[in-house]
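Read off the chains here:
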Amino acid sequence: MSHEPAPSPSPFPSPSRTLRVCALYPDLLSIYADRGNLLVLERRCAWRGIGFQLRACGLGEPLSAGHDLLYLGGGQDRDQRLCAEDLVRGKRGALHVAAARGAVVLGICGGYQLLGHSYELAPGERLPGVGLLDLTTVRADGPRLIGNVTVAVSLGGGPERVLAGFENHGGRTHLAAGQAPLGRVLRGHGNDGRSGFEGARTGTVIGTYLHGPLLPKNAWFADWLIATALGIDPGELAPLDDALEDAAHRLAQAKAGGAPRDEPAGARRGGPAGGPGRRQATAKRA
Ligand code: GLN
């Protein structure tokens, strides 16, 4: 009778859950380091033992079901043209279905514009959007809205937090009367340079002009996205040592001008108020 050696246990136990991400048009909608945003999601999952699966969906490819988070990055007008047609023709329905079942749909700048009803590039030239957000965008004759920006954001009834990033867009986005913005501009231009609104949010569908890239400078927001996409409370995510991320966040706020705002008590990363403090935070692996 032969004895097979017992299989040695894997040093990486299989994760109990997996964040399934789909990047739409990563070759066309990916400027200002959108890959950095995806990398942050991947790392923050890995550090916690959460699985991470990244799929790409490009021109002409069907958008399959089963994604927890769908990502549309920034883009130039000419590339948005290609994506807008393809989105509306082939992916609109699947995107609406995904959003209706609670998947996170995150659009950054050019991707944000395509989540609305339309993006008018010039009189008579209007790109269609998928209509997940009740807004329209018009390319203005005036200067591009460029610079560092901070936004006050309140998500899910939680305490107000700050998003810090960088914007660069020619389009001016106008929210319909009932459309909630993502937040209030503290510094910078926001949707149109006038309204004081930045981005838009309907449930788990979120659009913002903030590049940066956004998530390395706002780790708390990355965690909110991960938790929301997984259908759990952000407080359920294991805390991480975010000394570097917090420093990047403060620096981004300082670049936008004005003193960095104190983070609200009990809103620090990874835990309910009174939860583990920084010294007890999980060590990150390389
Ligand atoms: N092309 C769009 C604009 O200029 C979006 C730019 C971007 O994604 N940075 O408004």
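Here the structure is a predicted model, which is why all the values come from computation and not from measurement. (Residues numbered from 1 in each chain as written. Predicted model: local features only at pLDDT ≥ 70, side-chain atom pairs only at ≥ 80, totals over all residues.)

Enquirer: With reference to specific residues and values, describe the overall build of the protein chain.
Expert: If you tally the helices and strands in the protein chain, you get six helices and 14 strands. Looking at the protein chain as a whole, 43% of its 286 residues are labelled buried. For the protein chain, the proportion of contacts with a sequence separation of at least 24, taken over those separated by at least 6, is 71%. (Helix = DSSP H or I, 4+ residues; strand = E, 2+ residues; numbered from the N terminus. Buried ≥ 20, exposed ≤ 12 C-beta atoms within 10 Å, placed from the backbone. Contact = placed C-beta atoms within 7 Å.)

Enquirer: Describe the pairing of strand β1 (residues 18-24), naming the residues involved and giving the relevant values.
Expert: Summarising burial for β1: five of the seven residues are buried, a large majority. By the bridge criterion, seven bridges tie β1 to strand β2 (residues 51-57) in an arrangement that is parallel. Residue pairing across strands places T18 opposite G51, the latter belonging to β2. The sheet contact formed by β1 and strand β3 (residues 69-72) spans four bridges and is parallel. Counterpart to V21 in the pairing with β3 is L69. (Pairing = 2+ DSSP bridges.)

Enquirer: If you had to explain the site of the ligand to someone new, which residues and values would you point to?
Expert: Lining the immediate environment of the ligand, one finds I31, G74, G75, Q76, D77, Q80, C109, G110, N168, H169, G170 and G171. The set of elements that each furnish at least two residues to the shell around the ligand consists of α2 (77-100) and β9 (161-169). Residues of the shell around the ligand, tallied by class, amount to two nonpolar, nine polar and one charged. (Near = placed C-beta within 6 Å. Nonpolar A, V, L, I, M, F, W, Y, C, P; charged D, E, K, R; others polar.)

Enquirer: Give a description of the sheet that holds strand β13 (residues 200-202) that names residues and reports values.
Expert: The strand order β2-β1-β3-β4-β14-β13 describes an open sheet built from six strands, whose pairing is mixed. The open sheet has two edge strands with one neighbour each: β2 and β13. Taken pair by pair, the neighbouring strands of this sheet meet at an average axis angle of 15°, ignoring direction. Here helix α5 (residues 219-230) sits on the sheet and contacts β1, β3 and β4 (104-108); the angle it forms with β4, its principal contact strand, is near 145°. (Axes fitted to C-alpha atoms, helices over the stretch in contact; angles between N-to-C directions.)

Enquirer: Describe the pairing of strand β6 (residues 125-128), listing the residues and the values that go with them.
Expert: Across four bridges, the pairing between strand β5 (residues 118-122) and β6 is antiparallel. In the sheet register, A122 faces β6, and the bridge partner there is E125. Counted along the chain from β5 to the antiparallel partner β6, the turn is two residues long, and its residue G124 has a positive phi close to 90°.

Enquirer: Describe the nonpolar core, naming the residues involved and giving the relevant values.
Expert: Counting residues in hydrophobic clusters, the biggest one holds 68 residues, and the most contacted among them are L69, Y71 and V105. The residues touching Y71, leaving out its near neighbours within four places in the chain, are V21, C22, A23, L24, L38 and L106. (Core = buried A, V, L, I, M, F, W, Y, C linked by C-beta atoms within 7 Å.)

Enquirer: Go over the sheet that holds strand β8 (residues 145-153) with me, naming the residues and quoting the values.
Expert: The strand order across the open sheet built from four strands is β9-β8-β11-β12, with neighbouring strands paired in antiparallel fashion. With one partner strand each, in any of the chains shown, β9 and β12 (197-198) form the two edges of the open sheet.

Enquirer: Residues and numbers for helix α6 (residues 243-256), please.
Expert: For α6, which comprises 14 residues, the first-to-last C-alpha distance of 20 Å matches the rise-based estimate of 20 Å (1.5 Å per residue) to within 8%. Of all the residues in α6, the buried ones are E245, H249, A252, Q253 and A256. Angularly, the buried residues of α6 cover 100° about the axis, an arc narrow enough to put them on a single face. Facing away from the buried side of α6 by over 90 degrees, the exposed positions are A243, L244 and A247. Tucked into the core, α6 has its buried residues touching β8, β9, β11 (183-187), α4 (214-217) and α5. A positive phi of about 100° marks G257, the residue just after α6. (Expected span 1.5 Å × (residues − 1). Arc of directions from axis to C-beta.)

Enquirer: Which residues make up the confidence of the model for the protein chain, and what values do they have?
Expert: Of the residues in the protein chain, 85% reach a pLDDT of 70 or more, and the chain-wide mean stands at 89. Long-range and interchain partners of residues 264-281, a stretch whose pLDDT sits below 50, account for 29 contacts in this model, where long-range means more than four residues apart. (pLDDT = per-residue confidence, 0-100.)

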